[in-house]
Structures are given as structure tokens and as C-alpha cells.
Amino acid sequence: IFFLSGSSSITYGIYKSMTDSLHVVWDLDHTLICSVSPLPSTTPSAANTSLRYFDQIDDDRPYQDNMPNTRTYIRPGAMTALWFTGLFATNHVYTAAQETYTRNILEEIDPQRTIFQTVIHRDLVPHHDHSSTKA
């Protein structure tokens, strides 16, 4: 095992990503982000100003008048981890959430759509209706 520092590690990471591709599949919820609903009535305290968050509409939950109903926090270190793995791997993301929620999140964490090669959400996965199954 050896360690590279500075630009050598970046060069090596780029070389490895081109010659020996690794694929990393990230779970969106509870790994990269944490969403809280109903919307908290307060903003994070001054002691927690390092917490990056945004308010959005999660249409799985009740909302009215296009007012946000969910606060989504980007977990500390998540963006750094995505950047770092992007040096030597292809990033993909999966979520059990619906497409609209997924788009809201990606507008904040990947607005240029350059981090994730593939985005999988529940609207892309065929649903199986178990209600017709006989007991």
C-alpha cells in the first residue's frame, strides 16, 4: 500500500477511472441527505450554520399553496465524498422517492447534472400490485 499526495493522487485517480472503472451507487435519503417533514418552525441556530439545507415541496406529504413542507439537509461531508469518488469512480444515485422529489434534491446538490451518471427513483421501477394476490 502506498499513498499519493497532492496532484499525484488526482492524476492517479483520473487514470484509474479511465482504465479500471469503479461504479459507486449512493442511496440518496439518509446517506447523502436527510429530509424532515413537516417543515420545522425554526431555522438552525447560529451554532449550526455549517449545516447546508433547503426547503422544498415533497408531494408525498400534504402541502398547500405551493408552500414548502419539507426541510432537506445535505449531510456534512456528502459533497466532498461525491467529489472525491468522482475522481476515480462513476457515481450513480438511487432513491425510493418519487421523481419530483428526486428532481428537487438534484437541483440543489447536482444542478449541472455532472455528479451522477445514473439517477434511479421509484417512478422508474415497475410496481407490482399485491392487492390481487389471493391469501
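Structure: above.
About the cut-offs
- Residues numbered from 1 in each chain as written.
- Predicted model: local features only at pLDDT ≥ 70, side-chain atom pairs only at ≥ 80, totals over all residues.
- Heavy atoms only, no water.
- Pairing = 2+ DSSP bridges.
- Helix = DSSP H or I, 4+ residues; strand = E, 2+ residues; numbered from the N terminus.
- Axes fitted to C-alpha atoms, helices over the stretch in contact; angles between N-to-C directions.
- Contact = heavy atoms within 4.5 Å.
- Salt bridge = Lys/Arg side-chain N within 4 Å of Asp/Glu carboxyl O.
- Buried < 20%, exposed > 50% of the residue type's maximum accessible area, 1.4 Å probe, protein only.

Chemist: Just checking my understanding: could you explain the sheet that holds strand β6 (residues 116-120) for this structure?
Modeler: Sheet strands pair via backbone hydrogen bonds, and the direction of the pair is either parallel or antiparallel. What the three strands build is an open sheet, ordered β1-β5-β6; its pairing is parallel. What marks the edges here is a single partner per strand, and that holds for β1 (22-27) and β6. On average, each strand axis in the sheet is inclined to that of its neighbour by 20°, with strand direction left out of account. Along the sheet face, helix α2 (residues 78-88) touches β1, β5 (89-94) and β6 and points at about 135° away from the line of β5.

Chemist: Would you explain the sheet that holds strand β4 (residues 70-74) in this entry?
Modeler: Taken together, three strands build an open sheet; the order of strands is β2-β4-β3 and the sheet is antiparallel. Either end of the sheet is taken by a strand with one partner, and the two such strands are β2 (33-36) and β3 (52-56). Strand-to-strand twist of the sheet, defined as the mean angle between neighbouring strand axes without regard to direction, takes the value 20°. As judged from the five bridges shared by β3 and β4, these two strands associate in the antiparallel manner. Residue glutamine 56 lies in a different strand from β4, and its bridge partner there is threonine 70. The strands touched by helix α3 (residues 99-109) within the sheet are β2, β3 and β4, with β3 carrying the most contacts at an inclination of about 145°.

Chemist: Before we go on, may I ask you to explain the pattern of salt bridges in this structure?
Modeler: Pairing between side chains of opposite charge can happen when the charged atoms of each approach one another. Counted according to the given criterion, the structure contains three salt bridges. Between glutamate 107 and arginine 113 there is a salt bridge; the shortest N-O distance is 3.4 Å.

Chemist: How should the environment of proline 40 be read in this particular structure?
Modeler: On the secondary structure map, proline 40 appears in the loop between β2 and β3. Take proline 40: its relative accessible area is 25%, and that puts it in the partly exposed class. Residues proline 40 and asparagine 69 lie 29 residues apart in sequence; the distance between their C-alpha atoms is 8.7 Å. Aside from chain neighbours lying at most four places away, what touches proline 40 is Arg71 and Tyr73.

Chemist: Where do I start with the pairing of β4 in this structure?
Modeler: The side chains of a regular strand alternate, first on one face of the sheet and then on the other. Taking burial as the measure, the five residues of β4 include five buried ones, the bulk of the element. Taken together, the four bridges between β2 and β4 define a ladder with antiparallel strand orientation. When the sheet's bridge partners are listed, serine 35 is paired in β4 with threonine 72.

Shape descriptors only; they carry no functional weight alone.
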